[in-house]
Amino acid sequence: MKASSISQTPFEGKALETLRNNFKGPLILPFDERYDPARALYNGMIDRYPALIAQCADEEDVATAIRYARKHGILTAIRGGGHNGAGLGSCDGGLVIDLRLLKSIQVDHQKRQVKVQAGCTQGEVDAATHPYGLAVPAGIISSTGIAGLALGGGHGYLSRKHGLTIDNLIEAELVLADGRKAKASEQENPDLFWAIRGGGGNFGAVTSFLFRAHPVHTVYAGPMFWPLEQTREILSWYRGFQPGAPEELYGFPSIMKVPPAPPFPETLHRQPVCAIVWCFSGDMERAEEAFREIREKYPPMLDATGPMPFPALQGMFDPLLPAGLQWYWKGDFVQELTDEAIGQHLEFGRRLPSDLSTMHLYPIDGAVHRVGQQETAFGFRDAKWSMVICGIGKDSSEKEAVSRWAKDYWAALHPHSAGAAYVNFMMEEGQERVKATYQANYERLRAVKAKYDPDNFFRVNQNIRPKKGA
Ligand SMILES: Cc1cc2nc3c(=O)[nH]c(=O)nc-3n(C[C@H](O)[C@H](O)[C@H](O)COP(=O)(O)OP(=O)(O)OC[C@H]3O[C@@H](n4cnc5c(N)ncnc54)[C@H](O)[C@@H]3O)c2cc1C
């Protein structure tokens, strides 16, 4: 074979050799024994086969990979934690710029700031900040990638008191679509800073985040369970209680089955329930008082709340939800929890299709509402809850049943919703859903996209199309 005929595609021959010479981290091709573990996503329902996985060793590698993909016109996905429900951390036949090796975390406990590289999980951030009695507001499962979570908004146990993850973002470092490095903050590229706070991975590959952290150490937390048939009374009580409760008290209701594992008593395993998972992050002396009303009015069949280190709460559900399960999920923001909606929650709770399928209703009021609707790209500051319905199966034999249940449940609830979902709770649902989620911020996002990524290089995401002629 002549040397000139070797380089047929960007994934072989001379082009690949040039990349190898300029790239420090592992480059993983389909015949490599590392390929299958490296391409696997958290959601086992999604099976993507990229042509090349470039595991970046540093920011320079990110820039090199982006320039290479640009030069050869290669479809490119950016992978943070690989947790995205729609599998948007990967793509078929293209390049995956995998950031998982970027793991540095620097805590400045005096300034209460944390610099986090984009390959970290939320649990790794918690582990680094906890010894200083600090925490960055993020989500509820520790294996989630901090990057994708933050870029979509990021809500969790501390949101009512300290806001979304993006409300605690001070600065980000990115590699832009043309391979240039840039910073985004209130002072530098403020338009970009506005857009990445909710606009997802549309504007560049973020290599690090500087977050504000808050004093959080021990929380009084855990789930309370009631028999499913009590759903109407529990959710009716909750919708009146939660919005008026102190911001340090966060409780998200769930329709689920009692997990068939310790520490839950065997007699309750697999019993369908209405649950509320609580986190009280205020003064521990006031914790019992925070739960007095619910315990007196509706004594739970199981009360698993108690004091615990914050990272223990963050990791509480991790063993139940290992990577590789089958997930079909759909969400919507909710402004009002109506009687009709509660009736549907009860109805679909009676039809839970698997041990792990569930519905969560996350509060996003309090501090989240104190940031203006147009101050960041996150489009639904006025919603009270962010709902997600998760059909979760242990393997492909449950795929059809869990997907059907989640779709039907969502269809029944959608008329009672705000009409759009949190971007991080969407499958690939089309442009209209993306547009709806950003509401009045959508056109401004398109203009920022046109400035920083006019050719839509970063398009494996909940995509914002660049505005023409902007
Ligand atoms: C079990 C589970 C629990 C969850 N709980 C919560 C929760 O409590 N709160 C919450 O807010 N969300 C939650 N989520 C949703 C989560 O925020 C999204 O799945 C998010 O996309 C995960 O980010 P990731 O980095 O792991 O994803 P990936 O799959 O790696 O990426 C997701 C998207 O972000 C882009 N992206 C990732 N990293 C970068 C980067 N560095 N630069 C540019 N673009 C990037 C990707 O291109 C892709 O479009 C949960 C998800 C799961 C599976």
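Residues numbered from 1 in each chain as written. Predicted model: local features only at pLDDT ≥ 70, side-chain atom pairs only at ≥ 80, totals over all residues. Heavy atoms only, no water.

Asks: Give me the lowdown on the sheet that holds strand β6 (residues 113-117), citing residues and values where you can.
Replies: Pairing is antiparallel across the open sheet formed by five strands, whose spatial order is β5-β6-β10-β8-β9. The sheet is open, and its two borders are formed by β5 (105-108) and β9 (181-185), each paired with just one other strand. Going across the sheet, the axis of each strand differs from the next one's by a mean of 15°, ignoring polarity. Here five bridges tie β6 to strand β10 (residues 205-212), and the two strands are oriented antiparallel to one another. Note that in β10 the partner of Gln117 across the bridge is Ser208. Sheet strands in contact with helix α3 (residues 59-72) are β8 (169-175), β9 and β10, and its direction is about 50° off that of β8. Set on the sheet, helix α4 (residues 122-129) makes contact with β5 and β6; between it and β5 the angle comes to about 35°. (Pairing = 2+ DSSP bridges. Helix = DSSP H or I, 4+ residues; strand = E, 2+ residues; numbered from the N terminus. Axes fitted to C-alpha atoms, helices over the stretch in contact; angles between N-to-C directions. Contact = heavy atoms within 4.5 Å.)

Asks: So what's going on with the environment of Leu192? Which residues, and what values?
Replies: If you trace the backbone, Leu192 turns up in helix α7 (residues 190-196). Distance from Leu192 to Lys451, taken between C-alpha atoms, is 9.2 Å for residues 259 residues apart in sequence. Apart from residues lying up to four places away in sequence, Leu192 is in contact with Leu174, Leu176, Ala184, Phe203, Val448 and Tyr452.

Asks: So, the site of the ligand: which residues are in play, and what are the values?
Replies: Among the 34 residues in the neighbourhood of the ligand, the closest are listed as Ile78, Gly80, Gly82, His155 and Tyr422. Within the backbone of Gly80, an N or O atom sits 2.7 Å from an oxygen atom of the ligand. In the environment of the ligand, an oxygen atom lies 2.6 Å from a nitrogen or oxygen atom belonging to the side chain of Tyr422. In the complex, the protein chains occlude 97% of the 950 Å² of accessible area that the ligand would expose alone. Going through the elements one at a time, β3 (76-79), α5 (146-152), β10 and β17 (326-334) are the ones with two or more residues in the shell around the ligand. With four residues, the top contributor of residues to the shell around the ligand is α5. Within the shell around the ligand, the residues separate by chemical class into 17 nonpolar, 16 polar and one charged. (Near = heavy atom within 4 Å. Polar contact = N/O pair within 3.5 Å; in protein donor to acceptor, adjacent residues only side chain to side chain. Areas by Shrake-Rupley, 256 points an atom, 1.4 Å probe, with all protein chains shown as cover. Nonpolar A, V, L, I, M, F, W, Y, C, P; charged D, E, K, R; others polar.)

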